[in-house]
Amino acid sequence: MEFIDPALLAYCEDHTSQEDDLLKKITRETQAKVLMPRMISGHLQGKLLELFVKMLRPNTILEIGTYTGYSGLCMARGLAENGKLITLDINDELEKMVRGFFDESGLSDQIDYRLGNALEIIPSLEGPFDLVFIDADKINYTNYYDLVIDKLSKGGIILADNVLWSGKVLPEGRKKLDKDTAAILDFNRMVQDDPRVENSLLPIRDGIMMARKL
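The numbering scheme is per chain: residues are counted from 1 as the chain's sequence reads. Since the coordinates come from a predicted model, pLDDT governs what is reported: local features require at least 70, and pairs of side-chain atoms require 80 or more to be given and counted, while whole-chain, interface and lining totals use all residues. Side-chain measures were taken over the full set of non-hydrogen atoms in the model, leaving aside hydrogen atoms and water.

J.: With reference to specific residues and values, describe the packing of helix α2 (residues 21–33) against helix α5 (residues 95–105).
T.: Axes here mean lines fitted to C-alpha atoms, for a helix over just the part in contact, with angles spanning 0 to 180 degrees between N-to-C directions. Comment: elements are numbered from the N terminus, with helices defined as DSSP H or I runs of at least four residues and strands as E runs of at least two. One can describe the packing of α2 onto α5 by two numbers: an axis separation of 11 Å at closest approach and a directional angle of 170°. Comparing the axis directions of α2 and α5 gives the class roughly antiparallel. Facing Leu22, Lys25, Ile26, Glu29 and Lys33 of α2, the residues of α5 in contact are Met97, Phe101, Glu104 and Ser105. Residue polarity is assigned by list, with Asp, Glu, Lys and Arg as charged and Ala, Val, Leu, Ile, Met, Phe, Trp, Tyr, Cys and Pro as nonpolar; anything else, Gly included, falls into the polar class. Considering only residue class, the contact of α2 with α5 consists of 4 nonpolar, 1 polar and 4 charged. Throughout, the term roughly parallel applies to angles under 35 degrees, roughly antiparallel to angles over 145, roughly perpendicular to angles from 65 to 115, and oblique to all others. Two residues form a contact once any of their heavy atoms are found within 4.5 Å.

J.: Provide a residue-level description of the pairing of strand β1 (residues 60–64), including the pertinent values.
T.: Most of β1 sits inside the fold, with 5 of its 5 residues counted as buried. Of the pairings in the sheet, the one linking β1 to strand β2 (residues 84–89) comprises 5 bridges and is parallel in character. Residue pairing across strands places Ile61 opposite Leu85, the latter belonging to β2. Crossovers are described as right-handed under a simple rule: with the strands pointing away from the observer, the path leading from the first strand over the helix to the second runs clockwise. Since β1 and β2 lie parallel, the crossover through helix α4 (residues 70–76) that links them has a hand, and here it is right-handed. Pairing between two strands requires that DSSP report at least two bridges joining them. Pairing of β1 with strand β4 (residues 129–134) involves 4 bridges; the strand directions are parallel. Directly across from Ile61, in β4, lies its bridge partner Leu131. Residue exposure (1.4 Å probe, protein chains only): buried if accessible area is under 20% of the type maximum, exposed if over 50%, otherwise partly exposed.

J.: Help me get a handle on a nonpolar patch on the surface, residues and values and all.
T.: Within this analysis, patches are made of residues with over 30% relative accessible area and no salt bridge. Like charges are joined at 9 Å or less; nonpolar side chains (Val, Leu, Ile, Met, Phe, Trp, Tyr) at 5 Å or less. Only the protein chains shown count as cover for residues, with accessible areas throughout obtained via the Shrake-Rupley method and a probe of 1.4 Å. Throughout this description, the term salt bridge denotes a Lys or Arg side-chain nitrogen within 4 Å of a carboxyl oxygen of Asp or Glu. Together, Leu35, Met36 and Met39 make up a nonpolar patch on the protein surface, roughly 360 Å² of accessible area in all. Among the secondary structure elements, Met39 is positioned in the loop between α2 and α3 (42–56).

J.: Now, about the packing of aromatic side chains: what can you tell me, with residues and values included?
T.: For any pair of aromatic rings, the description rests on two quantities: the centre-to-centre distance and the angle between the ring planes. Only the six-membered ring of Trp is used, alongside the rings of Phe and Tyr, when aromatic pairs are assigned; centres must lie within 6.5 Å, and planes under 30 degrees apart are stacked while those over 60 apart are edge-to-face, with the rest tilted. For the structure shown, the criterion picks out 3 aromatic pairs. Plain terms: the ring middles of Tyr145 and Phe187 are 5.9 Å apart, the flat faces sit at 80° to each other, and that makes the pair edge-to-face. Here Tyr145 is found in helix α7 (residues 141–148), whereas its partner Phe187 is found in helix α8 (residues 179–193), with 42 residues between them in sequence. The buried category is assigned to Tyr145, whose relative accessible area is 0%. Taken together, the ring pairs in this structure connect Tyr141, Tyr145 and Phe187 into an aromatic cluster.

J.: Describe unusual backbone geometry, and please don't skip the residues or the numbers.
T.: Omega for the peptide link from Gly127 to Pro128 comes to 0°, which places this bond in the cis form. Along the polypeptide, Pro128 turns up in the loop between α6 (118–121) and β4. Non-glycine residue Asn82 carries a positive phi angle of around 70°. Following the sequence through the fold, Asn82 ends up in the loop between α4 and β2. One non-glycine residue, Ser166, lies in positive phi territory at about 55°. Mapped onto the elements, Ser166 comes out in the loop between β5 (152–161) and α8.

J.: Could you give me a rundown of the pattern of salt bridges, with the residues and numbers involved?
T.: Considering all chains together, one arrives at 13 salt bridges under this definition. The salt bridge partner of Glu50 is Lys47, with a shortest N-O separation of 3.4 Å. Taken together, the residues Glu50 and Lys47, both in helix α3 and 3 residues apart, mark about one turn of the helix. Lys47 sits in the buried class, given a relative accessible area of 17%. As a salt-bridge pair, Glu198 and Arg212 come within 3.0 Å of each other at their nearest N and O atoms. In this pair, Glu198 sits in strand β6 (residues 197–202) while Arg212 sits in strand β7 (residues 208–213), placing the two residues 14 residues apart along the sequence. Classification of Glu198 as partly exposed rests on a relative accessible area of 40%. Its relative accessible area of 36% is what places Arg212 among the partly exposed residues. One network of salt bridges, with partners in common, ties together Lys47, Glu50 and Lys54.

In structure tokens, the structure reads:
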């Protein structure tokens, strides 16, 4: 489902600071070598994440769902001096590619890339986190949120991707209510009803939920 006219999207991208050679390489290799390449954050969202982090200047970011490293690298570029990005993914088949991109970026010393089940790893992390980016399996979005909210610093931000789920959050946007769609609906409702945060759902790409801890 297209949320914006393709010509308008192209105009937005044409008026967004351009990707550098490494980001273009990540996009190119993801499209050529990885299943479901549309999962990559991409130019417009990646630059938004980078600018947002540069404004927030967090000391510690937790990313749940590394994929091929595009979003992680964009966020790592905005870290405070001596800041750290901890990024988690369960797919070890992409490890060599992702570590190569991180090494090429010159930021690998600030990126802690861990493989395994995030539901098992997160409880072992001390925090506090200044920013959490959730972009992994949709079924566990509410579980990830529950695991990180108490580890989030006051004023810290949770960003969750794909919360419009290709328009399936609306009844007219789906043929039936599948498990992933139900999980996204539950997550959006939970955040909306959580008195610990203030939030805004941004209609950027496939939707980004932003929640700030009070």
